[in-house]
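Overview (structure and organization)
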Amino acid sequence: MSTKNAPGGQLNDQKRPSFIEAARRAQLIECAIETMATLGYAQASLAQIAKCAGISKSAITYYFSSKEELIEQVVTAIFQDAAASIGPQVAAEASPALQLHAYIRSHVAYISAHLAQMRAIMEIVRNVRTEEGKPRYGAPAAEPVRAALEALLRKGQQAGEFREFDVRVMAVTIRSAIDALSPYLIANPQVDAELYAGELVALFDRATRME
């Protein structure tokens, strides 16, 4: 491989990873997701992840210096993939009301199509903590997502499409309804995700629109 190992097992920041290295990192992220989704966070050791990837445990440290760094990259990869899928669908709509509909439908569709990723995220949120013992990926980590939704709701109010309401309360309520889908679908895989999305769209259309 063309990139030398940096101190701590991290790739040298001065050189761009080769195609093979990038592909291996992506594979390890996918294996970490699969392992956590199947075995849970506590059992998702580097040894188990390496077994999934078909490499030795020690080889992982060429790409990630620790399990913590690998988990950080798992979270980043999932959120980036979700944003790349959902963002364009929301942006393509012409009005805040339609953007809110697309926001809800695209989130539900993404969640229902990526249950392994959702299982992994749930495991990470429940188990990963800071040195102070606080959840590493709790409410502060979700703030940018909620803030973006608040901005959409505020835009709808300014355009005269939405009634007056507290945008923080509404954003928290919408996000709670969307986030509840992951454990619900995992426990009830037969649920019709499109129907779920349609009910949420109807509910929040009534909750936000002008009388």
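Residues numbered from 1 in each chain as written. Predicted model: local features only at pLDDT ≥ 70, side-chain atom pairs only at ≥ 80, totals over all residues. Heavy atoms only, no water.

Quick word on the overall build of the chain
Regarding its fold elements, the chain presents 10 helices and zero strands. Expressed along its principal axes, the backbone C-alpha trace of the chain runs to roughly 60 × 40 × 35 Å. Here the chain holds 211 residues, and 42% of them are scored as buried. Looking at the chain alone, contacts between residues at least 24 apart form 64% of all its contacts between residues at least 6 apart. Roughly 11700 Å² of accessible area belongs to the chain as shown, and the carbon and sulfur atoms make up 55% of that amount. Of the side-chain charges in the chain, 22 are positive and 23 negative, and the distance between the mean point of each set is 5 Å. (Helix = DSSP H or I, 4+ residues; strand = E, 2+ residues; numbered from the N terminus. Buried < 20%, exposed > 50% of the residue type's maximum accessible area, 1.4 Å probe, protein only. Contact = heavy atoms within 4.5 Å. Areas by Shrake-Rupley, 256 points an atom, 1.4 Å probe, with all protein chains shown as cover. Lys, Arg positive; Asp, Glu negative; His and termini not counted. Charge placed at Lys NZ, Arg CZ, Asp CG, Glu CD.)

Some details on the nonpolar core
A general tendency of soluble globular proteins is for nonpolar side chains to be buried together. If you look at the biggest cluster of nonpolar residues, it comprises 60 residues, and the most contacted ones within it are M36, V74, I104, L153 and I174. When near neighbours in sequence (up to four residues on either side) are disregarded, V74 contacts I29, A32, I33, M36 and I124. (Core = buried A, V, L, I, M, F, W, Y, C linked by side-chain atoms within 4.5 Å.)

Some points on the environment of P144
As for its position among the elements, P144 is in helix 7 (residues 139-158). On the basis of relative accessible area, P144 is assigned to the exposed category, the value being 56%. Remark: the alpha-carbon pair of P144 and F19, spanning 125 residues in sequence, is separated by 31 Å.

Quick look at helix 2 (residues 46-53)
Taken together, the buried positions of helix 2 are L46, I49, A50 and A53. All buried residues of helix 2 lie within an arc of 100° about the axis, which places them on one face of the element. In this structure, the buried side of helix 2 is in contact with helix 1 (19-39), helix 3 (57-60) and helix 4 (67-91). The first or second residue beyond helix 2 is G54, which carries a positive phi of 75°. (Arc of directions from axis to C-beta.)

Re the packing of helix 4 against helix 6 (residues 115-127)
Relative orientation of the contacting elements helix 4 and helix 6 amounts to 135°, with a least axis distance of 11 Å. Between helix 4 and helix 6, the interaxial angle falls into the category oblique. Handedness of the crossing formed by helix 4 with helix 6: left-handed. Packed against helix 4, whose contacting residues are I71, V74, V75, I78 and F79, the element helix 6 presents Q117, M118, I121 and I124 at the interface. Residues of the contact of helix 4 with helix 6, tallied by class, amount to eight nonpolar, one polar and no charged. (Axes fitted to C-alpha atoms, helices over the stretch in contact; angles between N-to-C directions. Parallel < 35°, antiparallel > 145°, perpendicular 65-115°, else oblique. Left-handed = near helix turned anticlockwise from the far one by under 90°. Nonpolar A, V, L, I, M, F, W, Y, C, P; charged D, E, K, R; others polar.)

Regarding the pattern of salt bridges
Throughout the structure, instances matching the rule amount to seven salt bridges. Between D205 and R209 there is a salt bridge whose closest N-O contact spans 3.0 Å. Judged by relative accessible area, R209 falls into the partly exposed class, the value being 40%. Each of E143, R146, E150, R154 and R168 takes part in salt bridges that share partners, so that together they form one network. (Salt bridge = Lys/Arg side-chain N within 4 Å of Asp/Glu carboxyl O.)

Things to note about the environment of I186
Along the chain, the position of I186 falls in helix 9 (residues 181-187). In this structure I186 comes out as partly exposed when scored by relative accessible area, which is 26%. In this structure, the C-alpha to C-alpha distance between I186 and A116, residues 70 residues apart in sequence, is 9.2 Å. In this structure I186 touches L115, R119 and M122, once residues within four positions along its chain are discounted.

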